[in-house]
Amino acid sequence: MRQVATIFRAALLALLMAGPAAAEFELSIYSGYQTAPHSRAKGDYPGGGTYNALFGWEGRSFELPLYYGARGTWWVNDRFGWGFEGTHTKVYAPGAERTAAGFDRFELSDGHNIITANALRRWPNRWKGVTPHVGGGLGFAMPHVDVEPAGGPRTYGFQVTGPAVRLFAGASMDLSERWALFGEYQFTWSDNTADLDGGGSLETRIITNAVNLGVSYRF
């Protein structure tokens, strides 16, 4: 995750350096329950041959490494904001499906990292101290690819694999002038193409659905 942390720190620094133009900066961190529906993965085995299999991905949100995310938002006024977000999602191929496809390991588990630039809309104190919000972003996926064909070389490392989209909606409740709790639903989509050691390849589209709980700090 060092690469993801470096990118997010750089984005946060850029936001803070432009602070005078912003009415408010908000840093949010969250975790929750994340799943991923079935999708097809296909490509070339290292050394020759092809595969094309449908996987019922497992999210394993509460197993290490945990599912989590962080978002930095400039609220340029009471209603509109923009910023950056990084989310550590995860997908694992179930054991029987992985074996049937000819793999000993098949996962994007440290994690399937989604990094986006976001636009947000909120409605301050719409419901007696509760502020609903919606947002979306465009960016890229940078998963930690952990794939090992049966009897073949193991691919183990971060790769930038393709474009990503994020959508979310939720609400926050102020605890003080600076702190707030929030909950939200979040959707991500990514189109991934990865290289496997030994000359293989991997192509798959990953969708995640998550229910998040988090805390925000404004300054």
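It should be noted that the structure appears before, not after, this text.
Residues numbered from 1 in each chain as written. Predicted model: local features only at pLDDT ≥ 70, side-chain atom pairs only at ≥ 80, totals over all residues. Heavy atoms only, no water.

Peer 1: So, the packing of aromatic side chains: which residues are in play, and what are the values?
Peer 2: Under the defined criterion, the tally for this structure stands at 15 aromatic pairs. For the pair Phe 25 and Phe 219, a centre-to-centre distance of 5.2 Å together with 65 degrees between the ring planes defines the contact as edge-to-face. A residue pair is termed long-range when its members are at least 10 positions apart, and Phe 25 in strand 1 (residues 24–35) and Phe 219 in the segment after strand 11 (200–218) qualify at 194 residues. Look at Phe 25 and you get buried, because its relative accessible area is 5%. Plain terms: the ring middles of Tyr 51 and Phe 106 are 6.3 Å apart, the flat faces sit at 85 degrees to each other, and that makes the pair edge-to-face. In this pair, Tyr 51 is assigned in strand 3 (residues 50–55) and Phe 106 in strand 6 (residues 103–122), connecting sequence segments 55 residues apart. The class for Tyr 51 is buried, based on a relative accessible area of 4%. A residue is classified by how much of its surface remains accessible, and Phe 106, at 3% relative accessible area, is buried. Among the aromatic residues, those joined into a ring-pair cluster are Tyr 45, Tyr 51, Phe 55, Trp 57, Phe 103 and Phe 106. When the ring centre of Tyr 92 is taken as origin, the NZ or CZ atom of Arg 60, which lies over that ring, is 4.1 Å away. When the ring centre of Phe 168 is taken as reference, the NZ or CZ atom of Arg 71 above it lies at 4.4 Å. (Phe/Tyr/Trp six-rings, centres within 6.5 Å; stacked < 30°, edge-to-face > 60°. Helix = DSSP H or I, 4+ residues; strand = E, 2+ residues; numbered from the N terminus. Buried < 20%, exposed > 50% of the residue type's maximum accessible area, 1.4 Å probe, protein only. Lys NZ or Arg CZ within 6 Å of the ring centre and 35° of its normal.)

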